[in-house]
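What the coordinates show
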Amino acid sequence: MTIKELTAKQREEIFFQYMVKHFHKSEIKPFEIIEKLISEGKYVCYGLFNSKEDQLKGYAYFIKNEDDKILLLDYLAVLKPYRCHGIGGKFLNQMRKMFAGEYKTILAEVENPDFAYNKADSLLRKRRIQFYLKNGMSLSNVLARVSVDNYRILFMSLEEVTQEDNKILKAMDTIYQIAFHKEFYEKHIELEISNVII
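The sections below set out a description of the structure shown in this document. (Residues numbered from 1 in each chain as written. Predicted model: local features only at pLDDT ≥ 70, side-chain atom pairs only at ≥ 80, totals over all residues. Heavy atoms only, no water.)

Looking at the nonpolar core
Of all hydrophobic cores here, the largest spans 37 residues; its most connected members are Tyr61, Leu107 and Tyr176. Sorting the residues of this core by element identifies α1 (8–22), α2 (31–39), β2 (43–49), β3 (56–65), β4 (70–78), β6 (138–146), β7 (149–157) and α5 (165–179) as the ones contributing at least two each. No other element matches α5, which puts 6 residues into this core. Apart from the residues lying within four places of it in its own chain, the contact partners of Tyr176 are Glu109, Ala144, Val146, Ile153, Tyr185, Ile189 and Leu191. Core analysis: the next-biggest nonpolar cluster, separate from the first, contains 25 residues, Val44, Tyr46, Leu73 and Leu92 among them. (Core = buried A, V, L, I, M, F, W, Y, C linked by side-chain atoms within 4.5 Å. Buried < 20%, exposed > 50% of the residue type's maximum accessible area, 1.4 Å probe, protein only. Helix = DSSP H or I, 4+ residues; strand = E, 2+ residues; numbered from the N terminus. Contact = heavy atoms within 4.5 Å.)

Dropping the structure here:
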């Protein structure tokens with residue numbers, strides 16, 4: 001499997017063909033906003049391809065904080081025919097190796113199980129957290145609310161550095177300021193540190 005940066009055409013196809021199905025409407029940034037962030041050097045999109053046929057298997061989109069060398073994994077998905085074969089974990093581990101030396105930390109938002117709609121949704125959210133933990137990420141005590149969506153924040157250190165919750169909170173705050181315009185950020189973003197147990 002090969003990781004390649006996505007072209008504008010590939011990004012458009014993935015957005016309208018897959019992302020709108022893979023993520024809740026409230027979680028999806030408008031296509032134009034993603035493209036604007038890319039043009040400003042604040043965002044990057046990768047695809048995971050079958051090496052032989054160049055067939056797309058999954059995609060990962062990141063918000064970049066170049067000043068602090070931190071990435072936020074904004075979207076990660078494996079296409080339906082390739083799920084449950086360990087591809088998502090391999091993709092995440094390949095990206096960790098790819099970014100080592102260039103970035104210090106990868107952060108990720110995962111829907112907070114405490115805000116699940118029902119038992120099945122809670123189990124799905126917990127399963128997503130377990131996926132990231134199994135593949136080298138750690139759970140912080142940082143909680144985020146972005147508009148109507150509530151998240152737990154996970155992190156993966158790419159250096160031999162201990163990540164403290166206050167540093168993760170500060171990093172998330174900076175990333176949200178990069179990703180969202182001032183009015184949205186001030187009105188719809190909340191961050192806190194909480195000693196929650198999952």
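Section: the packing of aromatic side chains
Throughout the structure, instances matching the rule amount to 14 aromatic pairs. Judged by centre distance (5.0 Å) and plane angle (75°), the rings of Phe131 and Tyr132 are edge-to-face. Taking the relative accessible area as the measure of exposure, Phe131 reaches 24% and is therefore partly exposed. Put simply, the rings of Phe23, Tyr43, Tyr59, Tyr61 and Tyr75 touch in pairs and so form one group of aromatic residues. The lysine or arginine in question, Lys69, covers the ring of Tyr103, its NZ or CZ lying 5.8 Å from the ring centre. Taking the ring centre of Tyr117 as reference, the NZ or CZ of Arg125 above it sits at 5.5 Å. (Phe/Tyr/Trp six-rings, centres within 6.5 Å; stacked < 30°, edge-to-face > 60°. Lys NZ or Arg CZ within 6 Å of the ring centre and 35° of its normal.)

Thoughts on helix α4 (residues 119–134)
An ideal rise of 1.5 Å per residue puts 22 Å on 16 residues; α4 measures up with 22 Å between its terminal C-alpha atoms. Turning to α4, its buried residues are Asp121, Ser122, Arg125, Ile129 and Tyr132. One side of α4 holds all its buried residues, which, seen down the axis, span an arc of 105°. What points out from α4, more than 90 degrees from its buried face, is the exposed set Lys119, Ala120, Leu123, Arg127 and Lys134. Buried residues belonging to α4 abut β4, α3 (87–99), β5 (105–111), β6 and β7. Looking at where α4 begins, the residue whose side-chain oxygen comes 3.2 Å from the main-chain nitrogen of Ala120 is Asn118. Of the residues one or two after α4, Gly136 is the one with positive phi, at around 95°. (Expected span 1.5 Å × (residues − 1). Arc of directions from axis to C-beta. Polar contact = N/O pair within 3.5 Å; in protein donor to acceptor, adjacent residues only side chain to side chain.)

Side note on α3
Counted at 1.5 Å a residue, the expected span for α3 with its 13 residues is 18 Å, and the 18 Å between its end C-alpha atoms agrees. When α3 is considered as a whole, its buried residues turn out to be Ile87, Gly88, Gly89, Phe91, Leu92, Asn93, Met95 and Phe99. Looking one or two residues beyond α3, the residue adopting positive phi is Gly101, at roughly 95°.

As for the sheet that holds β4
Whenever strands of a sheet pair, they do so through backbone hydrogen bonds, lying parallel or antiparallel. One open sheet accounts for 8 strands, arranged β1-β2-β3-β4-β5-β7-β6-β8; its pairing is mixed. Each end of this open sheet is capped by a strand with a single partner; those strands are β1 (2–5) and β8 (189–193). For this sheet the average axis-to-axis angle between neighbouring strands, irrespective of direction, equals 30°. In terms of strand pairing, β4 meets β5 through 4 bridges, oriented parallel. Looking at the pairing, Leu71 lines up with Ile106 of β5. Contacting β2, β3 and β4, α2 crosses the sheet at an angle of about 105° to β2. (Pairing = 2+ DSSP bridges. Axes fitted to C-alpha atoms, helices over the stretch in contact; angles between N-to-C directions.)

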